[in-house]
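Now for the letters of each chain:
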Amino acid sequence: MRRWLLTAIGAVIAGFYLFPVYWMYASALKVSDELNANPPTLIPHAPTLAAFRWIFERENIAQFMANSLVLSGSVTILTLVLATGAAYSLARKKSVWMDVVLIGVMLSQVLPPPLLVTPMFVIFRQLGLINTQLAVILATTTKTLPFAIVMLRTTFAQVPVDLEDAARVDGSSRTMAFLRITLPLARIGYIVIGALVFLLAYGEFVYPVSLLSKKALQPATVGLYGFVGADYSDWGNAMAFASVFVTPVIIVFMLLQRRIVSGLTAGALK
Amino acid sequence: MASVTMRGVRKDYGPLNILRDIDLDVADQEFITLVGPSGCGKSTLLRMIAGLETISGGDISIGSDRVNDMPPMHRDVAMVFQSYALYPHMTVAGNISFGLRLRRVVAEKIAVAVASAAAVLNLGQLLERRPGQLSGGQRQRVAMGRAMVRNPRLFLFDEPLSNLDAKLRVQMRAEIKALHRRLGSTSIYVTHDQVEAMTMADRIIVMNQGCIEQQGTPETLYDRPASLFVAGFIGSPSMNLIPGTLQNGRLVLADGATLPFPASAAQEGQAVTLGIRPEHIRPQPGGLAADVVDVEPTGVDTLILCRFSGVQVIASVRDRFRALPGTPIALAFDEDKLHAFDTATGKTLRQ
């Protein structure tokens with residue numbers, strides 16, 4: 001009985017959160033008359049793929065998606081490479097200064113992108129990087145890097161130092177011990193953190209919209225924004241665009257969700 | 001194989017001094033144990049020999065090489081860790097062969113070496129398993145295999161048996177000894193368990209508070225402890241230590257009772273401590289009057305806890321003995337097995 005009740009409560013809450021997602025998919029399939037019907041229809045009466053056809057043919061969503069993937073992929077790789085060194089030393093070296101650094105890293109997550117975007121714009125303009133994807137990659141990495149450092153640090157801290165010591169006595173250098181022992185043991189952490197960083201970068205809007213004005217370079221987040229104007233909004237096509245944008249994310253998250261959840265709570269190892 | 005020499009070795013962590021003035025020679029093919037209470041610096045010393053800790057002062061040499069600044073990978077030593085430190089992502093065979101693969105030994109030679117180590121350690125069936133699928137005793141064997149397969153010039157053991165149950169510990173103890181006899185490799189073995197130290201070593205180094213307290217064969221340490229610390233640390237149950245004052249060649253206790261005291265360098269009236277092992281005290285009619293506090297049969301021996309003049313001692317007897325607490329008992333000491341210590345310095349007063 002209790003179990004049923006808890007399940008019911010869980011279902012209601014999940015439904016509450018997921019309804020907008022459903023509404024997005026449903027709306028993407030509706031014809032425009034039905035979209036504005038009153039009362040609204042829960043299930044599309046005459047599902048059509050017209051909106052999807054439109055966004056692929058007229059809005060060039062493939063270009064936006066490709067830009068998104070390039071940006072997020074580059075941010076993920078850059079973040080993981082840079083975070084590795086920082087996180088490893090934070091995990092292994094015990095001193096007051098390391099704590100200070102760690103607090104600094106955590107604090108840097110506090111500042112929101114809208115606050116930082118203006119100084120970034122000025123810096124990148126002086127470097128001549130405005131309207132390049134490099135600018136967006138660097139800017140987004142400043143946001144994902146502290147998160148990745150903090151997460152990777154716990155991953156490394158869970159690899160016993162004894163294992164590296166054993167490898168060093170066995171005949172490896174410090175670097176070799178890291179590459180052959182610590183890194184393979186942290187791989188699940190890398191998968192989880194990499195996925196989360198990718199999602200953060202994938203959904204980033206403030207930096208690309210401010211730093212990229214050429215449509216050919218913009219990611220899908222900015223492309224989606226273009227559907228909602230002050231005097232017109234093209235809901236059916238916007239919903240189709242949004243569906244294409246989030247579906248890969250939902251699939252990746254579902255594939256990885258067990259590992260992500262366990263990685264966030266307990267050890268990312270074993 | 002190689003000898004190890006330490007001269008004036010010290011270790012500091014900032015202002016904290018962990019080890020000081022360690023002078024130690026380990027002969028080629030010798031098996032020595034470093035024993036002492038936790039925090040005495042024995043594991044730190046072992047890690048310094050391995051190269052996992054820096055050396056704050058003095059010199060450590062392995063064979064003819066001064067190794068102070070040599071990274072562990074070039075020292076050609078093997079170490080067995082308390083936690084075993086097996087690589088969880090490799091199979092047993094992978095763990096054992098890791099050191100050989102790092103040295104780019106050819107595959108056929110590796111296969112032969114792994115197979116022979118597995119045969120010695122009875123690991124043949126487990127080579128494809130991962131450490132997570134093994135029991136504690138099996139993991140211990142893999143750790144041993146990983147150390148011996150490289151044929152290093154020096155073996156270091158850091159409390160390798162402390163995570164095993166009592167029965168397995170006795171068994172592994174014998175196996176490590178047998179292995180040492182066969183390989184003849186110089187070995188340094190750290191333990192806090194004095195039984196392990198006594199049973200395995202050619203020579204024991206007793207450490208206390210960052211210094212070497214005494215070194216010698218197990219028998220020497222047991223029969224002729226150089227200090228109160230060693231007297232209390234080596235032997236189980238430990239030596240009875242009875243403080244008092246020396247007057248007319250006898251030990252005078254607080255309440256005026258007297259006990260025999262051995263011939264020693266002590267001065268008349270000096271504060272001294274009498275030491276006597278439990279097996280050298282026995283019940284004997286007409287002896288020293290005491291009360292039984294408790295009787296603890298161990299199976300082999302029976303321990304009798306007795307109290308007299310505010311002093312509690314343990315006697316260990318071979319025969320069965322039964323008595324209720326509070327029963328009067330008369331005790332006799334073996335007068336040629338007494339130890340004399342200076343209470344103030346803790347050093348022996350043996351002449």
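What counts, and where the lines are drawn
Residues numbered from 1 in each chain as written. Chains lettered and ligands numbered in written order. Predicted model: local features only at pLDDT ≥ 70, side-chain atom pairs only at ≥ 80, totals over all residues. Heavy atoms only, no water. Helix = DSSP H or I, 4+ residues; strand = E, 2+ residues; numbered from the N terminus. Buried < 20%, exposed > 50% of the residue type's maximum accessible area, 1.4 Å probe, protein only. Contact = heavy atoms within 4.5 Å. Phe/Tyr/Trp six-rings, centres within 6.5 Å; stacked < 30°, edge-to-face > 60°. Lys NZ or Arg CZ within 6 Å of the ring centre and 35° of its normal. Pairing = 2+ DSSP bridges.

Participant: Please explain the side chain of Thr33(B) as it appears in this structure.
Facilitator: Residues and elements named next belong to chain B. Tracing the backbone through its elements, the reader meets Thr-33 in strand E3 (residues 31-35). A residue is classified by how much of its surface remains accessible, and Thr-33, at 0% relative accessible area, is buried. If we ignore the near neighbours within four places in the chain, the residues touching Thr-33 are Tyr-189, Ala-197, Ala-201, Arg-203, Ile-204 and Ile-205.

Participant: Honestly, the packing of aromatic side chains in this entry has me stumped. Any pointers?
Facilitator: For any two aromatic rings, the description comes down to two numbers: the centre-to-centre distance and the angle of the planes. Counted under the stated rule, the structure contains 17 aromatic pairs over all chains. Aromatic side chains Phe19(A) and Trp23(A) sit 5.5 Å apart centroid to centroid with 25° between the ring planes, which places their arrangement in the stacked category. A residue pair is termed a helical-turn pair when its members lie 3 or 4 positions apart in one helix, as Phe19(A) and Trp23(A) do in helix H1 (residues 2-29) at four residues. According to the relative accessible area criterion, Phe19(A) is partly exposed, its value standing at 39%. Ring centres of Tyr88(A) and Phe178(A) lie 4.6 Å apart, and the angle between their planes is 65°; on these two criteria the pair is classed as edge-to-face. On the criterion of sequence distance, the pair formed by Tyr88(A) in helix H4 (residues 61-92) and Phe178(A) in helix H9 (residues 174-185) is long-range, its members being 90 residues apart. Ring pairing ties together the aromatic residues Tyr88(A), Phe156(A), Phe178(A) and Tyr190(A), which thus form one cluster. A cation over a ring is seen here: Lys30(A) above Trp23(A), with NZ or CZ 4.1 Å from the ring centre. Between Arg277(B) and the ring centre of Tyr222(B), over which it is positioned, the NZ or CZ distance is 3.8 Å.

Participant: Please clarify how the sheet that holds strand E2 (residues 16-26) of chain B should be interpreted in this entry.
Facilitator: Pairing between the strands of a sheet comes from backbone hydrogen bonds, and it takes one of two forms, parallel or antiparallel. Residue and element names in this part refer to chain B. Taken together, four strands build an open sheet; the order of strands is E2-E1-E4-E5 and the sheet is antiparallel. Strand pairing shows two members of the sheet lacking a second neighbour, E2 and strand E5 (65-66), which therefore form its edges. In the sheet, strand E4 (residues 57-62) pairs with E5 via two bridges, with the strands oriented antiparallel. Bridge pairing links Ile-62 to Asp-65 in E5.

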